[in-house]
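Chain and residue survey
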Amino acid sequence: MIFDLENETLPRDELEALQLRRLQDLCCRVYANVPFYAQKFDELGLKPDQIRSLKDLERLPFTEKQHLRDHYPYGLFAVPRDNVVRLHASSGTTGRVSVVGYTRRDIDNWADLMARSLAAAGASRQDLIHVAYGYGLFTGGLGAHYGAERIGATVVPSSSGATRRQVQFMRDFGATVLCCTPSYALHLHEAALEEGLDFRDKSVMSLKTGVFGAEPWSEEMRRTIESRMGINAMNVYGLSEIMGPGVAMECVDSKCGLHVFEDHFLPEIIDPATGRVLPYGEEGELVLTTLTKEAVPLVRYRTRDITRLDPTPCRCGRTHRRIGRLTGRSDDMLIIRGVNVYPSQIEAVLVETEGLSPNYQITVDRVDNLDQMVVAVELADNFPAGGEVRHLQQMTRQLGHRIKEFLGITAEIRLVEPRVLARSEGKAQRVIDKRGDKM
Ligand code: DLL
């Protein structure tokens, strides 16, 4: 189902005309109301009225996460605080977080875009949507919540935590759609099995769709979740600086790439090293410009997320361009003895291997001036127990070979007992990099 048929299927020429009008309006707004942007424009000798085509986007300055932090809390706001009806903050592990604000219209647009996303996953007012993204300063919970209400579904604002109770409520209330991180979905699945409940048994658990995001996950992980839980696992993307969940979403029709809601956001792919805009299809850093955001409009925000832009038409009829599955963040990319690797590439090898659970953790350290990577992965529950040392050794060797073969790096594999690695209720921490203080 297409939630906003008119806007989601606008012919490209009309869409681009709308984008240009909105881009010009955005430039006027930020120039007049945000001193940071006025200064940036002035430094480039640029006036808002010089933006005459979408190609002129390239002339505009980039915005980085650090700029939001430097202007903490309200320095990049473009409206007076009285017009802001809500604040969220991005999860920062170190230093200052970045604060984002929303006007009433921003919240309304967000609800629409999340409604579009849920509808693209196949959800409708008949559904019971269990939201297990965290509610609070994190945008996941409330973002999904407002979208679910907007499509008229029944919403269960479960938030994260109390995993067993969540499983019971999903069974008792009859959840048909689950919104959470993909790692938490697996955690719910495990907790259900411990309670003797199998998500695949549709006479007991009515779940049919997952709307998963907020962390990188591989196509192989999608297949694993789908077969273990007997559901359709759909990918939703977003980030607090730009809005929250619902910036881009896969459709059930193609399940191949995520439509960026282009009437609200302008996507570009750049070379992260040079800032140069890359042609369609090339992998690079996603840069987003908010076209309608009022409270904190951002020009060419560098997301650090790595993907590519696909301009080919989609069979669903939406005209909005798709981005590929997000491989990871440029700042999560590991460089192991000079080879670049994303945790999701390691994940892809692990979850394809029979006898393993999809729970893993990567530790990187520097020993005698050499990078060393240890991949700890849990054995599956049904792994045959007892007297299998040879089998385990063989599996360890094979995994090491496959990682070497596909990624060109040497990793030490540690097979560990089921359920010993920490489970997360939100974004999983897949990598521990201990090299920082040994540089
Ligand atoms: O994670 C918003 C969100 C909530 C998205 C619920 C989807 C679902 P932040 O906490 O600001 O906001 O983190 C944003 O998470 O820059 C990506 O690196 C990563 N991310 C989000 N969605 C995906 C995805 C929310 N589908 C950061 N695949 C982003 C890969 C994702 N990474």
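Residues numbered from 1 in each chain as written. Predicted model: local features only at pLDDT ≥ 70, side-chain atom pairs only at ≥ 80, totals over all residues. Heavy atoms only, no water.

**Side note on the pattern of salt bridges**
Where charged atoms from two side chains of opposite charge come close, those side chains can pair. This is how it is decided: Take a side-chain nitrogen of Lys or Arg and a carboxyl oxygen of Asp or Glu: if they are within 4 Å of each other, that pair is a salt bridge. For helices the rule is a DSSP run of H or I covering at least 4 residues; for strands it is a run of E covering at least 2, with both sets numbered from the N terminus onward. When accessible area is computed with a 1.4 Å probe and restricted to protein chains, residues below 20% of their type maximum are described as buried, those above 50% as exposed, and intermediate ones as partly exposed.
Applying the stated criterion across every chain yields a total of 41 salt bridges. Between Arg435 and Asp371 there is a salt bridge; the shortest N-O distance is 3.4 Å. Taken as a pair, Arg435 in the segment after β21 (431-433) and Asp371 in strand β19 (residues 370-379) lie far apart in primary sequence, 64 residues in all. Taken individually, Arg435 and Asp371 each receive the classification buried, so the pair is uniform in this respect. Arg414 is paired through a salt bridge with Glu412; the nearest N and O atoms lie 3.1 Å apart. In this structure Glu412 comes out as partly exposed when scored by relative accessible area, which is 35%. Salt bridges linked by common partners bring Asp4, Glu8, Arg116, Asp263 and Arg318 together as one network.

**Overview of the environment of Arg150**
The test is simple: Any pair of residues with heavy atoms lying within 4.5 Å of one another is described as a contacting pair.
Relative to the assigned elements, Arg150 resides in helix α6 (residues 139-150). The class for Arg150 is partly exposed, based on a relative accessible area of 33%. Along the primary structure Arg150 and Met114 are separated by 36 residues, whereas in three dimensions their C-alpha atoms are 8.4 Å apart. What Arg150 contacts, discounting residues up to four positions off in sequence, is Phe3, Asp108, Ala111, Asp112 and Ala115.

**Observations concerning the nonpolar core**
Condition: Residue types Ala, Val, Leu, Ile, Met, Phe, Trp, Tyr and Cys, when buried and joined through side-chain atoms within 4.5 Å, form a set referred to as a nonpolar core.
One finds Ile129 and Tyr237 to be the most contacted residues of the largest nonpolar core, which totals 71 residues. No other element matches helix α5 (residues 104-120), which puts seven residues into this core. Setting aside chain neighbours within four positions, we find Ile129 in contact with Leu118, Ala123, Ala148, Ile151, Ala153, Thr154, Val155, Val156, Val177 and Cys179. Grouped together as the second largest cluster of nonpolar side chains are 26 residues, Ala132, Ala191, Ile225 and Val351 included.

**What to know about the domain arrangement of the protein chain**
Spelled out, the test is: Domain extents, as shown, originate in an automatic or database domain assignment. Accessible surface is computed with a 1.4 Å probe, and the buried area is the amount of it that two parts give up when combined, taken over both parts together.
If you check the domain split of the protein chain, you get domain 1 (1-327) and domain 2 (334-438). Counting residues at the interface gives 24 residues for domain 1, matched by 17 residues for domain 2. For the pair domain 1 and domain 2, the summed buried area comes to about 1800 Å², and 51% of that belongs to carbon and sulfur atoms. Looking only at domain 1, the three residues that lose the most surface to domain 2 are Glu190, Met221 and Thr327, adding up to 25% of its buried area.

**With respect to the site of the ligand**
Condition: Any residue with a heavy atom positioned within 4 Å of a molecule or strand is treated as near that molecule or strand. For this analysis, a polar contact is any N or O atom pair within 3.5 Å, provided that within protein one partner can donate a hydrogen and the other can accept it, and provided that sequence-adjacent residues contribute only side-chain to side-chain pairs. For the accessible areas, the method is Shrake-Rupley and the probe is 1.4 Å, while residue cover comes only from the protein chains on display. Asp, Glu, Lys and Arg are counted as charged, while Ala, Val, Leu, Ile, Met, Phe, Trp, Tyr, Cys and Pro are counted as nonpolar; the rest, among them Gly, fall into the polar class.
As a matter of local geometry, the ligand sits amid 20 residues, with Asn235, Val236, Ser240, Asp305 and Lys427 nearest to it. At 3.3 Å from a nitrogen atom of the ligand is found a main-chain nitrogen or oxygen belonging to Glu215. Val236 is positioned with one of its backbone polar atoms (N or O) 2.7 Å from a nitrogen atom of the ligand. Its free accessible area being 610 Å², the ligand has 95% of it covered by the protein chains. Of all elements in the fold, only α6 and β7 (232-239) reach the threshold of two or more residues within the shell around the ligand. When grouped by side-chain class, the residues that make up the shell around the ligand number nine nonpolar, seven polar and four charged.

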